[in-house]
Amino acid sequence: MSVKPILSIKNLQKTYPNGVQALKGVSFDVKKGEFLVVIGLSGSGKSTMLRCINRLNEPTAGEMVFNDGKVEKDLVKLEKATDIKWLRQNVGMIFQHFNLIPRHSVLSNVLMGKLSKTSTLKSLFGIFSDEDIAEAMKYLKLVGIAEKAHIRADQLSGGQQQRVAIARALTQNPQILLADEPVASLDPATCHVVMDYLRKVNQELGITIICNLHFLSLVRQYATRVVALKGGELVYEGDPKSIDDAWFEKIYGAGAKEVHIN
Amino acid sequence: MKSYVVRRSILDGFTFAFLIASLAVWIINPTDEQALNMKLNVALFFAAFIVGTFVSHVLTKMKVTTLGEALFQPPYKKSVVSVSWYKTFSAWHLIVLLVGLIIVSIIKTKFSIYELLNEDGFNGAMRLFKGIFSPNFAILPKAILNIIETIFMAFLATALAIPFAFVLSFVSAKNIMTGTTGFWIYLAMRTLFNVMRSIEALVWAIIFSVWVGIGPFAGMLALMIHSIASLAKQYSEMVETVSEGPIEGVQSCGANKLQTIWYAIVPQVVLPYVSFTVYRWDINVRMATIIGLVGGGGIGTLLVQYQGQAMWPEVGTIIVVIAIVVWAMDQASAYIREALK
Ligand SMILES: Nc1ncnc2c1ncn2[C@@H]1O[C@H](COP(=O)(O)OP(=O)(O)OP(=O)(O)O)[C@@H](O)[C@H]1O
Ligand SMILES: [Mg+2]
């Protein structure tokens, strides 16, 4: 049996207006339900790639075929606003700096995940249905932060804010969750809390995760599969356990040393 | 051509042409007829300007720093050689320019110590001051009624300007108006605001007093037009400095443009908006007083009536009332803006 990959990226390229070639033709498949981690040096194009997938960045060339068993679409070809909306309903994202609305309550932030399914007029008055609110609360519970629902988002700690961001993304009911260095601005302990919630989302809700990470120890602990970028090109694809010293040098350059966090 | 070269040439060209023109007027002492011959004079001035830009260019090539070069040159060209200021060309350029400006303005304003110390005039001013410093408080109720009119005129102008400025501020923010069409709209809006603001509220008041008749309504409309342009510009500058994070966060949830503005941008700009608006009301109260002088209603109109009849004690009362209100508004708006930070 050959299940089609949920996302099949072929020859993805991205050149920024200033001429920087951030992606020079990257190809790999993302299998449904996996926890795929993207590693690579700073500037290797990890963020660019994630942001191409949900079209926060415009890819320059290539294909990204999405296939969830019901619809098959090339994400690069999406043009209309409604198609982009459809894409973002299916592909959620969390960021290094959480990107919450600081002055709004936690619950209101989580409800942002329902914006794409709420009419513009209703959303301008902040009217969300009872089901939407119940769902938002459900996901806040899932990330263990329901009691903070009515607190302003900027009053929370970094780890808590990232959990709110996860809840916000879940409220979209996405099939894929992109995570761009979700723990890079957190301390080691909090970092594991957040990673554990991501694993829970992956295993319990079956959401496919594509996650940029810097620390190899985290990669070994959480990833089911790894791809590595270097200078905008794919240099490794495989099992996290088989990244040995030779591979490490290839990805990070000779003389680099691994840093461990526990 | 690099824009700093254009700026340097214009500044240097103008200072050169200005000095030449001043010298020429001094030496030739033209008759009225000659002075009013606009075509010839403009042509001569322009010729001098061209010569000036040329001189500026040659001097710069010779590594002599003109005032324009010193002012506009890009940071990487700025040398840190410490030469005493009086040994530099640009310093003398500036000194000659300032001296020239002062001499010409003294002549142009008919500056005269004689008039200032003239006994008749001095006694007249003394009478006026005496009147003003012994205010006639019998007209106080009238003055208060009129200043209330002024305050509400300013308030309504500000309040009516808010919705227009709010909507326009997004249309004229660079980070929202992306793409080619967007850029042109942005440019057109910004130009429109600059034109609207460069026409003084006083001039708008004259226009509207012809249109809707003399009175507070004309004054209010004048202030409103001016406020829309000013607020929209200030608001849109705030929109341009919002942080990208929340915007991307909301966009990644599939929000459309309006939802993004409402949820990611508005919360970031709302406090500065309120602060600008309170300040604008404060400014409008002051402006409304002046606008009253040309028939815009309120306390200004009352002031000009008494002044016309040389009723100085009454004028004194009005000045006191204006001073108190302006001071109070100024304090209140300062406290409110402080609290909003
Ligand atoms: N908006 C942009 N405009 C121009 N160049 C950009 C832009 N964003 C990123 N780049 C460039 O593209 C390249 C890849 O950047 P990217 O942010 O994708 O790397 P990254 O792997 O995420 O790095 P990091 O680990 O530091 O986040 C870099 O050379 C960067 O300078
Ligand atoms: Mg990055």
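If you're wondering where the values come from, they're calculated on a predicted model, not measured in any experiment.

1. Re the overall build of chain A
Reasoning step 1: For chain A, the count of helices and strands is 9 helices and 10 strands.
Reasoning step 2: Relative to the 2.2 N^0.38 estimate, which gives 18 Å for 262 residues, the radius of gyration of chain A is 18 Å and therefore close to what a compact globule would have.
Reasoning step 3: On the principal axes, the C-alpha backbone points of chain A span a range of 55 × 45 × 40 Å.
Reasoning step 4: Across the 262 residues that make up chain A, the buried fraction comes to 55%.
Reasoning step 5: Sequence-distant contacts, at least 24 apart, represent 69% of the contacts inside chain A between residues at least 6 apart.
Reasoning step 6: Within the structure as shown, chain A displays about 11500 Å² of accessible surface, and the carbon and sulfur contribution to it stands at 52%.

2. A look at the domain arrangement of chain B
Reasoning step 1: What the domain assignment reports for chain B is domain 1 (3-111) and domain 2 (131-340).
Reasoning step 2: Here the C-alpha centroids of domain 1 of chain B and domain 2 of chain B sit 38 Å apart.

3. Focus: the sheet that holds strand 3 (residues 35-40) of chain A
Residue and element names in this part refer to chain A.
Reasoning step 1: On the basis of which strands lie adjacent, the open sheet formed by 6 strands has the order 6-7-8-3-9-10 and mixed pairing. Edge positions in the sheet fall to strand 6 (91-94) and strand 10 (233-238), since each has one partner strand and no second. Ignoring which end each strand starts from, the neighbouring axes of this sheet average 20 degrees apart.
Reasoning step 2: Across 4 bridges, the pairing between strand 3 and strand 8 (residues 208-212) is parallel. Bridging across to strand 8, Val37 finds its partner in Cys211.
Reasoning step 3: Helix 2 (residues 81-90) contacts strand 6 and strand 7 (176-180) of the sheet and is inclined by roughly 65 degrees relative to strand 6.

4. Focus on the nonpolar core
Reasoning step 1: Residues Ile39(A), Leu140(A), Ile166(A), Leu198(A) and Ile265(B) are the most contacted members of the largest nonpolar core, which totals 102 residues.
Reasoning step 2: When residues of this core are assigned to their parent elements, the largest contribution, 13 residues, is made by helix 11 (residues 216-240) of chain B.
Reasoning step 3: If you look at the next biggest cluster of nonpolar residues, it comprises 31 residues, including Leu12(A), Val26(A), Ile53(A) and Leu56(A).

5. Comments concerning the packing of helix 9 (residues 179-198) of chain B against helix 11 of chain B
Residues and elements named next belong to chain B.
Reasoning step 1: It is the contact of helix 9 with helix 11, at a shortest axis distance of 8 Å, that shows an interaxial angle of 140 degrees. One element, helix 9, and the other, helix 11, form an angle in the oblique class. Read as a crossing pair, helix 9 and helix 11 show a hand that is left-handed. Within the contact between the two elements, helix 9 uses Tyr186, Arg190, Phe193, Asn194, Met196 and Arg197 and helix 11 uses Ile225, His226, Ala229, Ser230, Ala232, Lys233, Ser236, Glu237 and Glu240.
Reasoning step 2: Looking at the contact of helix 9 with helix 11, its residues break down into 6 nonpolar, 4 polar and 5 charged.

6. Focus: the site of ligand 1
All names here are of chain A.
Reasoning step 1: In the vicinity of ligand 1, 14 residues are found, and the nearest of them are Ser42, Gly43, Lys46, Ser47 and Thr48.
Reasoning step 2: Between ligand 1 and Ser42 there is a distance of 2.4 Å, counted from an oxygen atom to a side-chain nitrogen or oxygen.
Reasoning step 3: A distance of 3.3 Å is found between an oxygen atom of ligand 1 and a backbone nitrogen or oxygen belonging to Ser44.
Reasoning step 4: Burial of ligand 1 by the protein amounts to 63% of the accessible area it has alone, namely 630 Å².
Reasoning step 5: A total of 3 residues in the shell around ligand 1 trace back to one element, the largest contributor, which is helix 1 (residues 46-53).
Reasoning step 6: By residue class, the composition of the shell around ligand 1 is 4 nonpolar, 8 polar and 2 charged.

7. Brief notes about the packing of aromatic side chains
Any aromatic ring pair is given by two values, namely how distant the centres are and how the planes are angled relative to each other.
Residue and element names in this part refer to chain B.
Reasoning step 1: Within the structure shown, the criterion is met by 15 aromatic pairs over all chains.
Reasoning step 2: Ring centres of Phe155 and Trp281 lie 5.1 Å apart, and the angle between their planes is 70 degrees; on these two criteria the pair is classed as edge-to-face. Highlighted residues: Phe155 in helix 8 (residues 140-171) and Trp281 in helix 13 (residues 257-296), separated in sequence by 126 residues.
Reasoning step 3: Judged by its relative accessible area of 39%, Phe155 is partly exposed.
Reasoning step 4: Ring centres of Trp204 and Phe208 lie 6.2 Å apart, and the angle between their planes is 25 degrees; this geometry places the pair in the stacked category. Highlighted residues: Trp204 and Phe208, both in helix 10 (residues 201-211), separated by 4 residues, approximately one helical turn. Accessibility assignment for this pair places Trp204 and Phe208 in one class, buried.
Reasoning step 5: Aromatic rings pair up to connect Phe14, Phe45, Phe46 and Phe49 into one cluster.

Calculation criteria
- Residues numbered from 1 in each chain as written.
- Chains lettered and ligands numbered in written order.
- Predicted model: local features only at pLDDT ≥ 70, side-chain atom pairs only at ≥ 80, totals over all residues.
- Heavy atoms only, no water.
- Helix = DSSP H or I, 4+ residues; strand = E, 2+ residues; numbered from the N terminus.
- Rg over C-alpha atoms; globule rule 2.2 N^0.38 Å.
- Buried < 20%, exposed > 50% of the residue type's maximum accessible area, 1.4 Å probe, protein only.
- Contact = heavy atoms within 4.5 Å.
- Areas by Shrake-Rupley, 256 points an atom, 1.4 Å probe, with all protein chains shown as cover.
- Domains from an automatic or database assignment.
- Pairing = 2+ DSSP bridges.
- Axes fitted to C-alpha atoms, helices over the stretch in contact; angles between N-to-C directions.
- Core = buried A, V, L, I, M, F, W, Y, C linked by side-chain atoms within 4.5 Å.
- Parallel < 35°, antiparallel > 145°, perpendicular 65-115°, else oblique.
- Left-handed = near helix turned anticlockwise from the far one by under 90°.
- Nonpolar A, V, L, I, M, F, W, Y, C, P; charged D, E, K, R; others polar.
- Near = heavy atom within 4 Å.
- Polar contact = N/O pair within 3.5 Å; in protein donor to acceptor, adjacent residues only side chain to side chain.
- Phe/Tyr/Trp six-rings, centres within 6.5 Å; stacked < 30°, edge-to-face > 60°.

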